[in-house]
Amino acid sequence: MNQCGSYTLIKKSSQTKARRGKLFTSRGIIDTPVFMPVGTQGTVKGVPNEFLQTSGAQMILGNSYHLYLRPGTEIIKKAGGIQKFNSWNKPMLTDSGGFQVFSLNDIRKITEDGAEFKSHIDGSKHFFSPEKSMQVQKDIGADIIMCFDECTPYPVDYKYAQSSMDLSLKWAKRCKLEFYNDNSSDKQALFGIIQGSSYLDLREKSAYEMANMGFVGYAIGGLSVGEPKEIMHSVLEKILPIIPENKARYLMGVGMPEDLWEGIERGIDMFDCVIPTRNGRNGQVFTSLGKINIRNMSYKKDFTALDPNCSCPTCKGYTKAYLNHLVRAQESLYLTLLSLHNIFFMVNLVDTIRESIGNNNFLDAKKVFFDKYYSNQKRG
RNA sequence: GGGGGUGUGGCAGAGUGGUCUAAUGCACCAGACUGUAAAUCUGGCGGGCUCGCCCUUCGGUGGUUCGAAUCCAUCCGCCCCCA
């Protein structure tokens, strides 16, 4: 019998550490590797569910800190859980608020007990402890929930990284205790998060300790916060062999197309990232021929689709010239069209990668992708 | 016909003797964005280059002054009031 959040390995790449698998949740089975669009406030910004479905997105994120502040867990509980509330009937994952410990750096205070936030909405004070985060995430009711942790910035000195990593371990223990104190684990899964910044010995320790604690799945946090790619790669190479093979590995907050390839090549199963939506809202579009900024002058009279190899509604229905016009005119439709296209791009990219693992030609597929992706631009 | 006002960079609009290639906003040209305090932020936006400077700009022309977008004269354009 499959527990929520449990992972079944289907196929390992013979060329790399890439792997295909299935992730079980109470709302459906997910093919991994998987890319999860981020829907912080219970919505993937700018994209209606119907469109999101057509992209093939299997799972989306929500954020407990944001949903706790607004609309509040009472309302979500009353609605029957987040997926009833937002009508996304597929699996969801909530982040714990740990990222806000990082991103709201100026308006929060960390103690051993937890983190005190000043609401970014009205300045009111709120306290998130590991226990609180578990309660909030239980109330929200996503399929997979995350331990409350501290996401450290980069760079951070060794001493701070060490004590922060230790704190995240302590918090993880408390999260586990709180999570399993009722029957939530029947329908939700709790993932642990490995920290340790760019220090490989800290990462190693965190991974061992977390693995010993025994989580249903494991995430790698504190990456993609501005560190060089080589650091991210070396951290992944250090950590992944330590995590049990029969557990899902989730690289939090990643990423760019190149990060997806590099992460999967090293054994990552799950990704989430705001890039397709945020960058879409800012005019940046991912295509099989590289990134472009649709706002640029060169697209003013370009009556071709964003990506000749894309089957998304944006590419099927609209030209670059029109999208350029929408962006310049600040017509809100572009938010939807560009976000949707970028989500299609990321989801389909991971589909392609997943297939290549099945076909045992990961490295060839990677080369084919990047030969095209970098054909029109400087490598960067 | 008489009286008053006004003319500034693509647009709007500050500045009213030196610190002015001239605030600010918009527009325009680029760049960034990785578990979303982001439909946001950053840079550029007269010309030249040896990148420190040099040259050219505030309706036109002529003056005053060591120095003018700024003062004076005159011309041109626009606006308002009275006949």
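All values derive from a computational prediction rather than experimental measurement.

Re the sheet that holds strand 9 (residues 125-128)
Remark on secondary structure: sheet strands pair via backbone hydrogen bonds, oriented parallel or antiparallel.
Part 1: Ordered by their spatial adjacency, three strands build an open sheet running 7-8-9, and the pairing between neighbours is antiparallel. The strands lining the two open edges of the sheet, one partner per strand, are strand 7 (108-110) and strand 9. Adjacent strand axes in the sheet meet at a mean angle of 15°, parallel and antiparallel pairs treated alike.

A look at the pattern of salt bridges
Part 1: Across all of its chains, the model carries 20 salt bridges by this definition.
Part 2: For Arg108, the salt bridge is made with Glu150, and the minimal N-O distance between the two is 3.9 Å. With a gap of 42 residues between them, Arg108 in strand 7 and Glu150 in the loop between strand 10 (144-146) and helix 7 (158-179) connect regions that are remote in the sequence. Assigned by exposure class, Arg108 and Glu150 land together as buried.
Part 3: A single network of salt bridges, built from pairs that share partners, joins Glu237, Glu262, Glu265, Arg266 and Lys366.

Thoughts on the side chain of Asn63
Part 1: Its location among the elements puts Asn63 in strand 5 (residues 60-63).
Part 2: Separated by 2.9 Å, the side chain of Asn63 and the backbone nitrogen of Tyr65 make a polar contact.
Part 3: Excluding residues that lie within four positions of it along the chain, Asn63 makes contacts with Thr40, Asp95 and Gln100.

Things to note about helix 8 (residues 200-213)
Part 1: The terminal C-alpha atoms of helix 8, which comprises 14 residues, lie 20 Å apart, in line with the 20 Å expected from a rise of 1.5 Å per residue.
Part 2: Listed in full, the buried residues belonging to helix 8 are Leu202, Arg203, Ser206, Ala207, Met210 and Met213. Along helix 8, the residues classed as buried sweep out an arc of 135° about the axis, all on the same side.
Part 3: Contact partners of the buried residues in helix 8: helix 7, strand 11 (189-194), strand 12 (217-220) and helix 9 (229-239).
Part 4: Positive phi appears at Gly214, one or two residues downstream of helix 8, with a value of about 75°.

Remarks on the protein's contact with RNA strand B
Part 1: In the neighbourhood of RNA strand B, 43 residues make up the surrounding shell, with Ser103, Cys151, Gly253, Val274 and Thr277 lying closest.
Part 2: For RNA strand B, the fraction of protein-proximal atoms (within 4 Å) that sit in sugar or phosphate groups is 47%.
Part 3: Between RNA strand B and the protein, one listed contact pairs a sugar or linking oxygen with a side-chain N or O atom of Gln100 at 3.2 Å.
Part 4: A distance of 2.5 Å separates a sugar or linking oxygen of RNA strand B from a polar atom in the side chain of Ser224.
Part 5: Mapped by element, the contributors of at least two residues to the surface near RNA strand B are strand 5, helix 5 (98-103), strand 14 (270-273), helix 11 (275-281) and helix 14 (333-358).
Part 6: Among the elements that make up the surface near RNA strand B, the one with the highest residue count is helix 11 (five residues).
Part 7: By residue class, the composition of the surface near RNA strand B is 16 nonpolar, 17 polar and ten charged.

Focus on the domain arrangement of chain A
For an interface, size is often stated in terms of accessible area lost upon the parts coming together.
Part 1: Domain assignment breaks chain A into domain 1 (7-273) and domain 2 (280-379).
Part 2: Taking only C-alpha atoms, the centre of domain 1 and the centre of domain 2 are 27 Å apart.
Part 3: Interface area, domain 1 with domain 2, both sides summed: about 2,800 Å², of which 71% is carbon and sulfur.
Part 4: Together, Gln15, Pro257 and Trp261 form the three largest contributors to the area buried by domain 1 at its contact with domain 2, with a combined 26%.
Part 5: Taking the shortest distance from any N to any O, the salt bridge between Lys366 and Glu262 comes out at 2.9 Å.

Analysis parameters
Residues numbered from 1 in each chain as written. Chains lettered and ligands numbered in written order. Predicted model: local features only at pLDDT ≥ 70, side-chain atom pairs only at ≥ 80, totals over all residues. Heavy atoms only, no water. Pairing = 2+ DSSP bridges. Helix = DSSP H or I, 4+ residues; strand = E, 2+ residues; numbered from the N terminus. Axes fitted to C-alpha atoms, helices over the stretch in contact; angles between N-to-C directions. Salt bridge = Lys/Arg side-chain N within 4 Å of Asp/Glu carboxyl O. Buried < 20%, exposed > 50% of the residue type's maximum accessible area, 1.4 Å probe, protein only. Polar contact = N/O pair within 3.5 Å; in protein donor to acceptor, adjacent residues only side chain to side chain. Contact = heavy atoms within 4.5 Å. Expected span 1.5 Å × (residues − 1). Arc of directions from axis to C-beta. Near = heavy atom within 4 Å. Nonpolar A, V, L, I, M, F, W, Y, C, P; charged D, E, K, R; others polar. Domains from an automatic or database assignment. Buried area = accessible area lost by both parts, 1.4 Å probe.

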